[in-house]
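Next come the chains, spelled out residue by residue.
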Amino acid sequence: MAQQAYVTETDNGGSEPERPGSRLRRVAGRVAAGWRGDRRIWRRGLIVAAVALLLALVMVGHAYIPNSVGNLGSLIETFLPWIGVFVPLLFLLALVRRSAVALIAVLIPAVVWFNIFGGLLSDKAGAAGGHVTVVTHNVNADNPDAPGTARDVAASGADVVALEELTASAVPVYESALAAAYKYHSVQGTVGLWSKYPLRDVRPVDIKLGWIRAMRATVRTPEGPLAVYVAHLPSVRVKLEAGFTARERDTSADALGEAIGDEQLPRTVLLGDLNGTMNDRALKAVTAQMRSTQGAAGSGFGFSWPASFPMARIDQIMVKGVEPVSSWTLPETTSDHLPVAARVKMDPSS
């Protein structure tokens with residue numbers, strides 16, 4: 001049986017198969033004609049336009065949003081990339097409202113978002129190379145499978161591994177599971193460092209908490225000494241009555257930044273859960289003097305928390321005096337954080 005083709009009338013009275021996309025063009029033409037005949041397209045959708053402009057203003061001026069009330073500025077900066085989710089929604093509302101003003105206004109936050117975050121969408125990883133691979137992982141104090149998490153971390157093949165949120169009972173588990181892959185290690189308080197290369201000058205770092213949640217060590221790599229800091233800054237909470245409670249985290253970040261600033265070795269790596277993103281002004285004491293490996297050599301945002309649906313990169317690998325080659329997140333373990341990894345290149349002449 002011969003197939004029957006859908007046909008459309010032509011100008012000369014004949015018929016021909018309808019071309020792909022012609023129906024869409026006709027619909028678009030009818031919509032455009034309807035808009036041209038609607039004199040209210042410049043008066044409708046003012047609320048949608050105002051919201052679009054407000055989003056753009058928040059992204060451009062987030063540094064000026066005060067922290068005096070519930071640390072609102074830091075809260076917004078932690079989830080700043082997610083503001084872009086509202087742009088498609090506003091675009092659809094502008095179409096539904098048949099508002100030219102709103103459509104034009106929505107372009108502004110779209111342009112601002114791509115100007116701020118567009119560079120993170122590309123893959124900036126360099127060619128294969130680098131000298132040292134590092135991994136950091138908040139293993140979660142309530143981890144139901146510490147040995148499995150340790151095996152997952154060791155399987156990454158990293159040269160240096162930092163672990164945070166270690167409990168006293170879990171430390172022997174991680175020491176045993178990682179002993180075969182890492183000859184050298186040190187645990188200071190609730191943070192630890194495992195390395196394939198010798199460790200020297202290991203000491204805790206005072207981040208003004210009253211107990212140890214940060215450490216520093218010199219890793220003797222084949223390319224020369226590397227100062228490695230491991231830190232777990234205090235957690236932050238979002239409370240209805242108090243807002244974004246982050247005072248302890250902010251104080252610790254300042255102390256950590258001071259310690260890194262006093263570092264004598266020219267090559268430094270910071271590994272840890274900073275409970276804040278690179279956009280958060282409260283971490284400026286650290287971020288002002290170091291580079292994010294994800295921002296410099298990663299692909300995408302590299303969100304690490306929560307592991308089940310990552311929304312923010314609060315687990316950081318930051319460097320100064322070394323060159324990031326690549327940066328990525330590792331597969332989920334039984335922790336509530338994703339491990340993050342980076343490979344860096346060291347200039348032997350430094």
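Residues numbered from 1 in each chain as written. Predicted model: local features only at pLDDT ≥ 70, side-chain atom pairs only at ≥ 80, totals over all residues. Heavy atoms only, no water.

**Quick look at the side chain of Asn138**
Basically, it comes down to this: Strands are runs of DSSP state E lasting at least two residues, helices are runs of H or I lasting at least four, and both sets are numbered from the N terminus onward. Think of it in three bands: with a 1.4 Å probe and only protein chains considered, a residue is buried below 20% of the maximum accessible area for its type, exposed above 50%, and partly exposed in between. We call two residues contacting when some pair of their heavy atoms lies within 4.5 Å.
Relative to the assigned elements, Asn138 resides in strand S3 (residues 132-138). Residue class for Asn138 comes out buried when judged on its relative accessible area of 1%. In this structure Asn138 touches Glu164, Glu165, His232, Asp273, Asp315, Ser335 and His337, once residues within four positions along its chain are discounted.

**Section: the pattern of salt bridges**
Pairing between side chains of opposite charge can happen when the charged atoms of each approach one another. Operational definition: Only one rule defines a salt bridge in this text: a Lys or Arg side-chain nitrogen within 4 Å of an Asp or Glu carboxyl oxygen.
Summed over the entire model, instances satisfying the criterion amount to 7 salt bridges. One salt bridge in this structure joins Arg216 and Glu263, with 2.9 Å as the shortest N-O distance. Here the residue Arg216 occupies a position in strand S8 (residues 214-221), and Glu263 occupies one in the loop between helix H8 (247-261) and strand S12 (268-273), the gap between them amounting to 47 residues. We note that Arg216, like Glu263, is buried. Across the pair Arg291 and Glu323 runs a salt bridge whose closest N-O atoms are separated by 3.4 Å. Note that Arg291 is positioned in strand S13 (residues 291-292) and Glu323 in strand S15 (residues 323-329), a separation of 32 residues in sequence. The class for Glu323 is partly exposed, based on a relative accessible area of 37%. Salt bridges sharing partners connect three or more residues here, namely Arg249, Asp250 and Asp280.

**Here we look at the packing of aromatic side chains**
How two aromatic rings sit relative to each other is set out by the distance from centre to centre and by the angle between their planes. For clarity, the cut-off: What counts as a ring pair is set by centres within 6.5 Å for rings of Phe, Tyr and Trp (its six-membered ring), and what kind of pair is set by the plane angle: stacked under 30 degrees, edge-to-face over 60, tilted for all other angles.
For the coordinates displayed, the defined rule picks out 7 aromatic pairs. Both rings, one in Trp82 and one in Phe309, keep their centres 6.3 Å apart while their planes meet at 35 degrees; by these two values the pair is tilted. With Trp82 in the loop between helix H3 (72-78) and helix H4 (86-96) and Phe309 in the loop between helix H10 (293-297) and strand S14 (315-320), this pair connects stretches of sequence that are 227 residues apart. For the ring pair Phe301 and Phe303, a centre distance of 5.1 Å and an interplane angle of 15 degrees mean the geometry is stacked. Three or more aromatic residues link up through ring pairs in this structure, and these residues are Trp82, Trp113, Phe114, Phe117, Phe301, Phe303 and Phe309.

**A short note on the confidence of the model for the chain**
Applied cut-off: Per residue, pLDDT captures the predictor's confidence, and it can take any value from 0 to 100.
Scored by pLDDT, the chain comes out at a mean of 88, with 85% of its residues at no less than 70. Across residues 1-11 the pLDDT falls below 50, and counting only partners more than four positions away or on other chains, this stretch makes 12 contacts in the model.

**Observations regarding the sheet that holds S13**
Our working rule: Note on pairing: DSSP must find at least two bridges between two strands before they are called paired.
If you walk across this open sheet you meet the 6 strands as S7-S8-S9-S12-S14-S13, and the pairing is mixed. What marks the edges here is a single partner per strand, and that holds for strand S7 (199-204) and S13. When strand S9 (residues 224-232) meets S12, the two strands line up parallel, connected through 6 bridges. The residue of S12 that forms the bridge with Tyr229 is Leu270.

**What to know about the nonpolar core**
To keep things clear, this is the line we draw: Only buried Ala, Val, Leu, Ile, Met, Phe, Trp, Tyr and Cys residues count toward a nonpolar core, and they belong to the same one when joined by side-chain atoms within 4.5 Å.
If you look at the biggest cluster of nonpolar residues, it comprises 23 residues, and the most contacted ones within it are Leu193 and Leu271. Of all the secondary structure elements, the ones that give two or more residues to this core are S3, strand S4 (160-164), strand S6 (191-195), S8, S9, S12, S14 and strand S16 (340-345). Setting aside residues no more than four positions away along its own chain, Leu271 makes contact with Val134, Val135, Thr136, Val160, Ala162, Glu164, Val228, Tyr229, Val230, Ala231, Gln316 and Ile317. Listed in part, the 21 residues of the second largest apolar core include Ala56, Met59, Leu90 and Trp113.

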